[in-house]
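# Structure at a glance
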Amino acid sequence: MTYETILVEQRGAVTLITLNRPQALNALNSQVLKDLTAVFTAYDADPSQRCAVLTGSGDKAFAAGADIKEMVEKEAADFFLEDFFSGWQSGVVATRKPWIAAVNGFALGGGCELAMMADFIIASDTAKFGQPEIKLGVAPGMGGSQRLTRAVGKAKAMEMCLTGRMMGAEEAERSGLVARIVPAAELLDDALKTAETIASMPPMAAMINKEMVNVAFETGLAQGLLTERRLFQILTATQDKIEGMTAFVEKRPAQWKGR
Ligand code: CO8
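Values in this document were obtained by computation on a predicted structure and should not be read as measured data.

Criteria and thresholds
Residues numbered from 1 in each chain as written. Predicted model: local features only at pLDDT ≥ 70, side-chain atom pairs only at ≥ 80, totals over all residues. Heavy atoms only, no water. Helix = DSSP H or I, 4+ residues; strand = E, 2+ residues; numbered from the N terminus. Buried < 20%, exposed > 50% of the residue type's maximum accessible area, 1.4 Å probe, protein only. Contact = heavy atoms within 4.5 Å. Areas by Shrake-Rupley, 256 points an atom, 1.4 Å probe, with all protein chains shown as cover. Salt bridge = Lys/Arg side-chain N within 4 Å of Asp/Glu carboxyl O. Near = heavy atom within 4 Å. Polar contact = N/O pair within 3.5 Å; in protein donor to acceptor, adjacent residues only side chain to side chain. Nonpolar A, V, L, I, M, F, W, Y, C, P; charged D, E, K, R; others polar. Pairing = 2+ DSSP bridges. Axes fitted to C-alpha atoms, helices over the stretch in contact; angles between N-to-C directions. Domains from an automatic or database assignment. Buried area = accessible area lost by both parts, 1.4 Å probe. Expected span 1.5 Å × (residues − 1). Arc of directions from axis to C-beta.

A count of helices and strands for the protein chain gives twelve helices and ten strands. In terms of overall dimensions, the protein chain has C-alpha extents of about 60 × 45 × 40 Å along its principal axes. Counting over 259 residues, the protein chain shows a buried share of 44%. Across the protein chain, contacts joining residues at least 24 apart in sequence account for 67% of those joining residues at least 6 apart. Summed over its atoms, the accessible surface of the protein chain is roughly 13600 Å², and 58% of this surface lies on carbon and sulfur atoms.

Now for the pattern of salt bridges. Considering all chains together, one arrives at ten salt bridges under this definition. The salt bridge partner of Arg-21 is Asp-67, with a shortest N-O separation of 2.9 Å. Of this pair, Arg-21 sits in the loop between strand E2 (14-19) and helix H1 (30-45) while Asp-67 sits in the loop between strand E4 (61-63) and helix H2 (68-71), and the two are 46 residues apart along the sequence. On the basis of relative accessible area, Arg-21 is assigned to the buried category, the value being 15%. For Asp-67, a relative accessible area of 9% translates into the label buried. Glu-243 is the salt-bridge partner of Arg-252, the closest N and O atoms lying 2.8 Å from each other. Exposure remark for Arg-252: the relative accessible area of 32% places this residue in the partly exposed category.

Taken together, 24 residues sit near the ligand, with Lys-60, Ala-64, Ala-66, Ile-68 and Gly-110 positioned nearest. One nitrogen or oxygen atom from the main chain of Gln-23 is found 3.4 Å from an oxygen atom belonging to the ligand. For the ligand, a nitrogen atom lies 2.9 Å from a polar atom in the backbone of Ile-68. Contact with the protein chains covers 65% of the free accessible surface of the ligand, which is 1100 Å². Mapped by element, the contributors of at least two residues to the shell around the ligand are H2, strand E6 (106-108) and helix H5 (110-117). Per-element tally for the shell around the ligand: the top contributor is H2, with three residues. Split into classes, the residues belonging to the shell around the ligand amount to 14 nonpolar, five polar and five charged.

Let's shift gears to the sheet that holds E2. Read across the open sheet, the six strands follow the order E1-E2-E3-E5-E7-E10; overall the sheet is mixed. Edge positions in the sheet fall to strand E1 (6-11) and strand E10 (180-182), since each has one partner strand and no second. When the angles between neighbouring strand axes are averaged without regard to direction, this sheet yields 20 degrees. Sheet topology places strand E3 (residues 51-56) next to strand E5 (residues 99-103); four bridges connect them, and they run parallel. Bridge pairing links Val-53 to Ile-100 in E5. Against the sheet, helix H9 (residues 187-199) touches E1, E2, E3, E5, strand E7 (120-124) and E10, its axis set at about 155 degrees to E7.

As a further point, take the domain arrangement of the protein chain. With domains assigned, the protein chain is organised as domain 1 (6-200) and domain 2 (203-250). Each partner contributes residues to the interface: domain 1 has nine residues there, and domain 2 has six residues. Buried surface at the junction of domain 1 and domain 2, both sides included, amounts to about 740 Å², of which 60% is carbon and sulfur. Between the two partners, domain 1 and domain 2, sit one salt bridge. Note that Asp-119 is salt-bridged to Lys-210, the shortest N-O span being 3.1 Å. At the boundary of domain 1 and domain 2, one finds four residue pairs in polar contact (both at pLDDT 80 or more).

Its 16 residues give H1 an end-to-end C-alpha distance of 23 Å, which sits within 8% of 22 Å, the value for a rise of 1.5 Å per residue. All of the buried residues in H1 are Val-32, Leu-33, Asp-35, Leu-36, Val-39, Phe-40 and Tyr-43. Taken down its axis, H1 places every buried residue within 165 degrees of arc, on the same side. Facing away from the buried side of H1 by over 90 degrees, the exposed positions are Lys-34 and Ala-45. Tucked into the core, H1 has its buried residues touching E1, E2, E3, helix H4 (87-93), E5 and H5. Two or three places before Gln-31, at the opening of H1, Asn-29 has a side-chain oxygen 3.0 Å from that residue's backbone nitrogen.

Following this line, the structure appears as C-alpha coordinates:
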(Lines give C-alpha, C1' and ligand atoms only; values in the text may rest on other atoms or scores of the structure.)
Protein backbone atom coordinates (compact mmCIF):
# COMPACT_ATOMS: atom_id res chain seq x y z
CA MET A 1 0.00 0.00 0.00
CA THR A 2 1.36 3.43 -0.89
CA TYR A 3 0.26 6.71 0.62
CA GLU A 4 0.35 10.27 -0.65
CA THR A 5 1.91 11.99 2.36
CA ILE A 6 3.67 9.30 4.38
CA LEU A 7 6.16 6.48 3.85
CA VAL A 8 5.54 3.16 5.54
CA GLU A 9 7.95 0.31 6.00
CA GLN A 10 7.71 -2.88 8.02
CA ARG A 11 10.99 -3.80 9.69
CA GLY A 12 10.33 -7.19 11.26
CA ALA A 13 7.61 -6.57 13.86
CA VAL A 14 8.11 -2.79 13.80
CA THR A 15 6.18 -0.44 11.49
CA LEU A 16 8.15 2.68 10.59
CA ILE A 17 5.95 5.59 9.49
CA THR A 18 7.58 8.73 8.07
CA LEU A 19 5.73 12.00 7.52
CA ASN A 20 6.82 12.87 4.02
CA ARG A 21 6.11 16.48 3.09
CA PRO A 22 9.62 17.87 3.64
CA GLN A 23 8.95 20.86 1.36
CA ALA A 24 6.31 21.99 3.88
CA LEU A 25 8.30 20.85 6.93
CA ASN A 26 5.89 17.90 7.15
CA ALA A 27 2.92 20.16 7.91
CA LEU A 28 -0.22 18.20 8.70
CA ASN A 29 -3.13 18.54 6.27
CA SER A 30 -6.34 16.55 5.76
CA GLN A 31 -4.54 14.05 3.54
CA VAL A 32 -1.91 13.39 6.23
CA LEU A 33 -4.72 12.68 8.68
CA LYS A 34 -6.36 10.31 6.17
CA ASP A 35 -3.07 8.53 5.51
CA LEU A 36 -2.15 8.23 9.19
CA THR A 37 -5.65 6.95 10.01
CA ALA A 38 -5.28 4.27 7.34
CA VAL A 39 -1.80 3.22 8.43
CA PHE A 40 -2.53 3.15 12.18
CA THR A 41 -5.73 1.16 11.52
CA ALA A 42 -3.75 -1.33 9.41
CA TYR A 43 -0.99 -1.50 12.04
CA ASP A 44 -3.49 -2.22 14.83
CA ALA A 45 -5.12 -4.98 12.77
CA ASP A 46 -1.89 -6.73 11.70
CA PRO A 47 -0.83 -9.39 14.21
CA SER A 48 2.72 -9.46 12.78
CA GLN A 49 3.26 -5.81 13.84
CA ARG A 50 3.91 -5.10 17.51
CA CYS A 51 5.29 -1.59 17.78
CA ALA A 52 5.39 1.48 15.50
CA VAL A 53 7.66 4.50 15.16
CA LEU A 54 6.50 7.80 13.70
CA THR A 55 9.10 10.29 12.51
CA GLY A 56 9.50 13.15 10.03
CA SER A 57 11.41 13.11 6.74
CA GLY A 58 14.37 15.43 6.39
CA ASP A 59 16.51 16.59 9.26
CA LYS A 60 14.66 19.81 9.96
CA ALA A 61 11.19 18.90 11.17
CA PHE A 62 9.05 16.22 12.71
CA ALA A 63 6.08 18.44 11.75
CA ALA A 64 5.89 22.24 11.79
CA GLY A 65 2.19 22.22 12.60
CA ALA A 66 -1.14 21.95 10.92
CA ASP A 67 -0.93 23.14 7.33
CA ILE A 68 -1.52 26.88 7.53
CA LYS A 69 -2.01 27.06 3.76
CA GLU A 70 -4.94 24.63 4.04
CA MET A 71 -6.48 26.58 6.93
CA VAL A 72 -5.97 30.14 5.70
CA GLU A 73 -9.07 30.25 3.47
CA LYS A 74 -11.37 28.34 5.78
CA GLU A 75 -14.02 30.17 7.75
CA ALA A 76 -15.26 29.33 11.22
CA ALA A 77 -18.33 27.63 9.78
CA ASP A 78 -16.08 25.35 7.66
CA PHE A 79 -14.05 24.31 10.69
CA PHE A 80 -17.24 23.68 12.66
CA LEU A 81 -19.33 21.96 9.98
CA GLU A 82 -16.44 19.73 8.87
CA ASP A 83 -15.49 19.21 12.52
CA PHE A 84 -12.06 19.89 11.09
CA PHE A 85 -9.28 17.62 12.43
CA SER A 86 -11.60 15.84 14.87
CA GLY A 87 -10.40 12.57 13.27
CA TRP A 88 -7.09 12.58 15.16
CA GLN A 89 -8.83 10.97 18.14
CA SER A 90 -10.37 8.01 16.30
CA GLY A 91 -7.66 7.79 13.63
CA VAL A 92 -4.48 8.05 15.69
CA VAL A 93 -5.03 8.31 19.45
CA ALA A 94 -7.33 5.28 19.49
CA THR A 95 -4.48 3.01 18.30
CA ARG A 96 -4.36 0.18 20.84
CA LYS A 97 -0.84 -1.04 20.17
CA PRO A 98 2.22 0.92 21.29
CA TRP A 99 3.91 3.55 19.16
CA ILE A 100 6.74 5.98 19.65
CA ALA A 101 7.25 9.47 18.21
CA ALA A 102 10.87 10.01 17.13
CA VAL A 103 11.05 13.81 17.00
CA ASN A 104 13.85 14.94 14.70
CA GLY A 105 13.51 18.74 14.62
CA PHE A 106 10.60 21.17 14.82
CA ALA A 107 7.48 19.78 16.52
CA LEU A 108 5.30 22.88 16.50
CA GLY A 109 1.57 23.40 16.89
CA GLY A 110 -0.16 20.32 15.53
CA GLY A 111 3.29 18.69 15.19
CA CYS A 112 3.87 18.96 18.93
CA GLU A 113 0.30 17.79 19.49
CA LEU A 114 0.80 14.77 17.22
CA ALA A 115 4.04 13.85 19.02
CA MET A 116 2.16 14.04 22.32
CA MET A 117 -0.43 11.57 20.99
CA ALA A 118 2.35 8.95 20.94
CA ASP A 119 2.89 6.67 23.91
CA PHE A 120 6.19 8.44 24.42
CA ILE A 121 8.60 10.71 22.61
CA ILE A 122 12.28 10.12 21.91
CA ALA A 123 13.81 13.41 20.77
CA SER A 124 16.95 14.30 18.87
CA ASP A 125 19.18 16.87 20.54
CA THR A 126 18.03 19.27 17.78
CA ALA A 127 14.31 18.90 18.56
CA LYS A 128 12.23 21.97 19.31
CA PHE A 129 8.73 21.87 20.71
CA GLY A 130 6.20 24.68 20.76
CA GLN A 131 2.57 25.75 20.57
CA PRO A 132 2.93 28.95 18.53
CA GLU A 133 -0.73 29.08 17.40
CA ILE A 134 -1.30 32.30 19.32
CA LYS A 135 0.92 34.07 16.80
CA LEU A 136 -1.57 33.06 14.09
CA GLY A 137 -4.50 34.41 16.06
CA VAL A 138 -5.66 31.01 17.23
CA ALA A 139 -4.80 28.40 19.87
CA PRO A 140 -3.95 24.68 20.00
CA GLY A 141 -6.75 22.57 18.51
CA MET A 142 -5.40 19.01 18.52
CA GLY A 143 -4.90 18.58 22.26
CA GLY A 144 -1.92 20.84 22.93
CA SER A 145 -3.41 22.90 25.73
CA GLN A 146 -4.47 19.69 27.50
CA ARG A 147 -1.65 17.20 26.86
CA LEU A 148 1.17 19.74 27.18
CA THR A 149 -0.24 20.95 30.50
CA ARG A 150 -0.49 17.39 31.81
CA ALA A 151 3.05 16.65 30.59
CA VAL A 152 4.98 19.71 31.76
CA GLY A 153 2.63 21.40 34.25
CA LYS A 154 0.65 24.63 34.15
CA ALA A 155 3.51 27.14 34.39
CA LYS A 156 5.50 25.97 31.38
CA ALA A 157 2.43 25.07 29.28
CA MET A 158 0.87 28.46 29.96
CA GLU A 159 4.09 30.29 29.15
CA MET A 160 4.56 28.35 25.91
CA CYS A 161 0.97 28.84 24.75
CA LEU A 162 0.91 32.55 25.65
CA THR A 163 4.31 33.49 24.23
CA GLY A 164 4.65 30.86 21.49
CA ARG A 165 8.24 30.25 22.56
CA MET A 166 9.92 26.98 21.65
CA MET A 167 11.33 24.51 24.14
CA GLY A 168 14.60 22.80 23.25
CA ALA A 169 15.25 19.10 23.71
CA GLU A 170 17.04 19.40 27.05
CA GLU A 171 14.32 21.48 28.61
CA ALA A 172 11.73 19.09 27.17
CA GLU A 173 13.45 16.13 28.82
CA ARG A 174 13.87 17.97 32.12
CA SER A 175 10.18 18.90 32.04
CA GLY A 176 8.92 15.38 31.37
CA LEU A 177 7.72 15.99 27.81
CA VAL A 178 10.15 13.48 26.29
CA ALA A 179 11.40 10.15 27.54
CA ARG A 180 14.97 10.54 26.27
CA ILE A 181 17.23 12.67 24.07
CA VAL A 182 19.71 11.14 21.64
CA PRO A 183 22.14 12.69 19.14
CA ALA A 184 20.31 13.51 15.91
CA ALA A 185 22.32 11.00 13.86
CA GLU A 186 21.31 8.17 16.20
CA LEU A 187 17.64 9.04 16.62
CA LEU A 188 16.07 6.64 14.17
CA ASP A 189 18.27 3.67 15.13
CA ASP A 190 17.59 4.33 18.78
CA ALA A 191 13.83 4.63 18.31
CA LEU A 192 13.73 1.47 16.17
CA LYS A 193 15.79 -0.44 18.74
CA THR A 194 13.45 0.72 21.50
CA ALA A 195 10.49 -0.33 19.35
CA GLU A 196 12.07 -3.76 18.82
CA THR A 197 12.37 -4.18 22.58
CA ILE A 198 8.67 -3.39 22.96
CA ALA A 199 7.84 -5.67 20.01
CA SER A 200 9.61 -8.54 21.80
CA MET A 201 7.22 -8.29 24.75
CA PRO A 202 4.00 -10.28 25.03
CA PRO A 203 1.62 -8.20 22.87
CA MET A 204 -1.48 -8.30 25.08
CA ALA A 205 0.62 -7.21 28.04
CA ALA A 206 2.03 -4.37 25.95
CA MET A 207 -1.45 -3.19 24.97
CA ILE A 208 -2.67 -3.40 28.53
CA ASN A 209 0.37 -1.62 29.99
CA LYS A 210 -0.32 1.17 27.48
CA GLU A 211 -3.98 1.32 28.46
CA MET A 212 -3.12 1.46 32.16
CA VAL A 213 -0.70 4.37 31.84
CA ASN A 214 -3.19 6.26 29.68
CA VAL A 215 -5.86 5.76 32.34
CA ALA A 216 -3.49 7.43 34.83
CA PHE A 217 -3.23 10.34 32.41
CA GLU A 218 -6.96 10.65 31.89
CA THR A 219 -8.79 9.79 35.13
CA GLY A 220 -8.54 10.15 38.90
CA LEU A 221 -6.48 7.90 41.22
CA ALA A 222 -9.32 5.73 42.58
CA GLN A 223 -10.64 4.98 39.08
CA GLY A 224 -7.10 4.40 37.82
CA LEU A 225 -6.20 1.97 40.61
CA LEU A 226 -9.38 -0.01 40.06
CA THR A 227 -8.81 -0.13 36.31
CA GLU A 228 -5.21 -1.24 36.87
CA ARG A 229 -6.28 -4.08 39.16
CA ARG A 230 -8.97 -5.29 36.76
CA LEU A 231 -6.64 -5.12 33.75
CA PHE A 232 -3.97 -6.98 35.72
CA GLN A 233 -6.54 -9.67 36.51
CA ILE A 234 -7.41 -9.96 32.79
CA LEU A 235 -3.74 -10.52 31.95
CA THR A 236 -3.53 -13.37 34.48
CA ALA A 237 -5.95 -15.28 32.23
CA THR A 238 -3.59 -15.23 29.24
CA GLN A 239 -1.43 -18.07 27.98
CA ASP A 240 1.44 -15.61 27.98
CA LYS A 241 1.12 -15.14 31.75
CA ILE A 242 1.53 -18.89 32.22
CA GLU A 243 4.41 -18.96 29.73
CA GLY A 244 6.14 -15.88 31.18
CA MET A 245 6.07 -17.07 34.76
CA THR A 246 6.87 -20.71 33.91
CA ALA A 247 9.82 -19.62 31.74
CA PHE A 248 11.15 -17.52 34.62
CA VAL A 249 10.91 -20.43 37.04
CA GLU A 250 12.49 -22.82 34.51
CA LYS A 251 15.25 -20.26 33.74
CA ARG A 252 14.60 -20.19 29.96
CA PRO A 253 13.48 -17.52 27.48
CA ALA A 254 9.71 -17.21 27.09
CA GLN A 255 8.01 -18.10 23.81
CA TRP A 256 5.08 -15.70 23.50
CA LYS A 257 1.82 -16.91 22.01
CA GLY A 258 0.26 -13.46 21.76
CA ARG A 259 -2.88 -14.44 23.68
N1 CO8 B 1 1.95 24.97 7.30
C2 CO8 B 1 2.22 25.10 5.99
N3 CO8 B 1 3.45 25.29 5.49
C4 CO8 B 1 4.46 25.37 6.37
C5 CO8 B 1 4.26 25.26 7.75
C6 CO8 B 1 2.93 25.04 8.21
N7 CO8 B 1 2.63 24.86 9.51
N8 CO8 B 1 5.45 25.40 8.39
C9 CO8 B 1 6.36 25.59 7.41
N10 CO8 B 1 5.77 25.57 6.19
C11 CO8 B 1 6.41 25.74 4.88
C12 CO8 B 1 6.77 27.19 4.63
O13 CO8 B 1 5.65 27.92 4.17
C14 CO8 B 1 7.85 27.03 3.60
O15 CO8 B 1 7.25 26.77 2.35
P16 CO8 B 1 7.57 27.74 1.08
O17 CO8 B 1 9.03 27.55 0.84
O18 CO8 B 1 6.71 27.18 0.01
O19 CO8 B 1 7.22 29.10 1.51
C20 CO8 B 1 8.55 25.75 4.01
O21 CO8 B 1 7.63 25.04 4.84
C22 CO8 B 1 9.82 26.01 4.82
O23 CO8 B 1 9.48 26.83 5.91
P24 CO8 B 1 10.28 28.19 6.27
O25 CO8 B 1 10.82 28.80 5.04
O26 CO8 B 1 9.38 29.03 7.09
O27 CO8 B 1 11.46 27.60 7.13
P28 CO8 B 1 12.31 28.35 8.28
O29 CO8 B 1 13.46 27.47 8.57
O30 CO8 B 1 12.57 29.76 7.89
O31 CO8 B 1 11.32 28.39 9.55
C32 CO8 B 1 9.72 27.46 11.11
C33 CO8 B 1 10.94 27.18 10.18
C34 CO8 B 1 10.17 28.33 12.28
C35 CO8 B 1 9.23 26.10 11.61
C36 CO8 B 1 8.62 28.19 10.29
O37 CO8 B 1 8.38 27.46 9.10
C38 CO8 B 1 7.32 28.33 11.01
O39 CO8 B 1 7.18 29.16 11.89
N40 CO8 B 1 6.30 27.49 10.63
C41 CO8 B 1 4.96 27.60 11.20
C42 CO8 B 1 4.92 27.03 12.60
C43 CO8 B 1 3.53 27.19 13.15
O44 CO8 B 1 3.03 28.28 13.34
N45 CO8 B 1 2.87 26.04 13.46
C46 CO8 B 1 1.54 26.03 13.99
C47 CO8 B 1 0.53 25.91 12.88
S48 CO8 B 1 -1.15 26.05 13.46
C49 CO8 B 1 -1.46 24.54 14.14
O50 CO8 B 1 -0.66 23.67 14.14
C51 CO8 B 1 -2.84 24.39 14.73
C52 CO8 B 1 -3.12 22.91 15.05
C53 CO8 B 1 -4.53 22.72 15.47
C54 CO8 B 1 -5.49 22.67 14.29
C55 CO8 B 1 -6.80 22.13 14.79
C56 CO8 B 1 -7.98 22.66 13.98
C57 CO8 B 1 -9.28 22.27 14.63
